[in-house]
Amino acid sequence: MCGIIGYVGPRPSQDILLAGLSRLEYRGYDSAGIAVIDGDGGLGMRKRAGKLAVLRDDLASTPLADGTTGIGHTRWATHGGPTDANAHPHLADDDKLAVIHNGIIENFAELKSELVGEGVTFRSETDTEVAAAMIGREYARTGDLVSAFRAVVSRLEGAYTLLAMHEDHPGLVVGARRNSPLVIGLGEGENFLGSDVAAFVEHTRKALAIGQDEIVAITPGGVEVTDFSGAPVEVEAFEVTWDASAAEKGGWSSFMAKEVSEEPEAVANTIRGRIHEGRVEIPELDGMDEFLADIDRILVIACGTAAYAGMVGKYALETWTRVPVDVELAHEFRYRDPVLSPRTLVVSISQSGETMDTLMAVKYARSRGAKTLSICNTQGATIPRESDAIVYTHAGPEVAVASTKAFVAQITALYLLALHVGRVRGAIDPVVAVEAVTELEAVPGKIARVLETEQTRIEQLAHWMADTRSVLFLGRNVGYPIALEGALKLKELAYIHAEGFAAGELKHGPIALIEPGQPVFVVVPSPRGSGEMHKKVVSNIEEIRARGARVIAIAEEGDVAVLPAADEVLRIPLAAPMFEPLLAVVPLHIFAMGLAEAKGLDVDQPRNLAKSVTVE
Ligand code: M6R
């Protein structure tokens, strides 16, 4: 939530800041602003409510004097609505200091009353302006921006990334982070700070990850990182594995459309290098065999779509490892008293690697003695850095707020993990393991087939259903989390009521929602292998049809049993039951996107949301 960029170097900074903000806009898009120290050493600032385009137009019509030191911010509002005044940067020290912030300063009210008592006046309702005033007050005493930061951060509670610059110090941007993301981009004679590497990947792929509770000062010639007490710290260098073009729309109508089209690659790239002669061997888990052989419980924690991936993964983990698995929403997990032991493996799943609820749950699990493994899509992110082991998904940058290609990559990573742990524990028959690997390797081609054969028809269907006010989703077994995912996507993108149910639950209440014309998507299990479940789901279809539902079935090619009962049948290729979720979800992603587009909505930046939820 909120995107942050800082730049120091020889080049005019405004275009660099605006380009960086446009790559970070998925993190928050209710207002944006930049500040620049101009060539004469004066600080200029402009901020506007609305999307980045509003700020861009404003700057185009009334430009700021440009300079080579700057900071920029794109906001997802927490304290104070999305207005010009609440947008960042916030100024202090007679408007010579500019500050931007991501996170929440939980004790801001108390700090604000202290400052008000000293006669400070505020121009916004934000917690950020309080931090700015405090940094300004400290700076006025010492004239040293880094030591001003050090004095202030020790008084702030909550989660924050703060960046600041002062007109007395052109060529210097200072940042600090606690429980909120910040990475450094290393250029030639120029350096960058960003909420994530997207801020600067156009200019450099060399990056440094800043740890918790650290302060960084960048100048054109160097980077200095210290902890909150001022002691120098070593930082971890990494090379960004994708280039700027991977985060461009590249001719697609939306990032989401592009990312759905990349679902086959996301699966293929996540598998790559992890299968050797038909066996799954995840190199990142080398040296963990003894621990994995001894675990007695797996707990999966995540939020939103990532949690649904976890629910799918549970079936594979239990089947192939024979270890009991629980899946829990990260924000619920932390606030009870969960039973954890050194034999518990806690698997977190996060595309961004920055979701605050998940991060806090990981830290909590670790503090209670469990081992943590992060399934993550973003290099240098906080959750993998806070975990004992990492299995990266290789979906490439996901820009649209709705998670699509990351979802299929997360399921793939969980299946690989299940096959790896099952092998280490001797829990899976080697023949079954080889069959599973063969199935998994076939998934990218099968997803590509769904896209080729069904996309246009699903888009048409979505178009016809543009006025629909409510859609229900049913699934059973591995299809149940897919029903939940279909419903979440529709709420998130098309702003209509949507609910996912376990098909078996229907008669325990939800069937009362069925009235004539009610659209219901049903994820139908294959009649092969899971014949009994198939029959039960077909009966469910008959039951809702009898009450007037309009049934859209997602069923495998050749399944004729669904034809008499369903109004529409969307086809997926044949796959073993465990692998059907990776195919069945594709029509649902396309449908939600199509319906939102048919309603004229912004599918990449749905209202009230942000890609990376870095506040609790
Ligand atoms: O970055 P994460 O995977 O941790 O994000 C978790 C959820 O916030 C995310 O999946 C959210 O539910 C998506 N917007 C759904 O499309």
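Keep in mind it's a predicted model, so treat the numbers as computed, not measured.

**Student:** I'd like a description of helix 2 (residues 52-61), backed by residues and values.
**Tutor:** All buried positions along helix 2 are accounted for by Leu-52, Leu-55, Asp-58 and Leu-59. Along the long axis of helix 2, the arc covered by the buried residues comes to 125°, so they all point the same way. In this structure, helix 2 carries Asp-57, Ala-60 and Ser-61 as exposed residues pointing more than 90 degrees from its buried face. Looking at the buried side of helix 2, the elements it contacts are helix 1 (13-24), strand 2 (31-37) and strand 3 (43-49).

**Student:** Pulling in residues and values, what's your account of the pattern of salt bridges?
**Tutor:** What the rule picks out here adds up to 38 salt bridges. Its salt-bridge partner being Asp-58, residue Arg-46 comes within 2.7 Å of it at the nearest N-O pair. Of this pair, Arg-46 sits in strand 3 while Asp-58 sits in helix 2, and the two are 12 residues apart along the sequence. Residue Arg-46 is classed as buried on the basis of its relative accessible area, which comes to 14%. In this structure, the salt-bridge partner of Glu-114 is Arg-137, at a minimum N-O distance of 3.2 Å. With a gap of 23 residues between them, Glu-114 in helix 3 (residues 108-117) and Arg-137 in helix 4 (residues 128-142) connect regions that are remote in the sequence. Members of the salt-bridge network, linked through shared partners, are Arg-46, Arg-48, Asp-58 and Asp-84.

**Student:** Please give an account of the pairing of strand 10 (residues 191-194) that cites residues and values.
**Tutor:** Neither face of strand 10 is exposed, since Asn-191 and Leu-193 on one face and Phe-192 and Gly-194 on the opposite face are all buried. When strand 1 (residues 3-8) meets strand 10, the two strands line up antiparallel, connected through four bridges. In the strand pairing of strand 10, Gly-6 is matched with Leu-193. One ladder, built from four bridges, connects strand 9 (residues 183-186) with strand 10; its direction is antiparallel. Looking at strand 10, one finds that Ile-184 is bridged to Leu-193. The loop that links strand 9 with its antiparallel partner strand 10 comprises four residues; one of these, Gly-189, has a positive phi angle of about 70°.

Calculation rules
Residues numbered from 1 in each chain as written. Predicted model: local features only at pLDDT ≥ 70, side-chain atom pairs only at ≥ 80, totals over all residues. Heavy atoms only, no water. Buried < 20%, exposed > 50% of the residue type's maximum accessible area, 1.4 Å probe, protein only. Helix = DSSP H or I, 4+ residues; strand = E, 2+ residues; numbered from the N terminus. Arc of directions from axis to C-beta. Contact = heavy atoms within 4.5 Å. Salt bridge = Lys/Arg side-chain N within 4 Å of Asp/Glu carboxyl O. Pairing = 2+ DSSP bridges.

The analysis is restricted to geometry; functional conclusions fall outside its scope.
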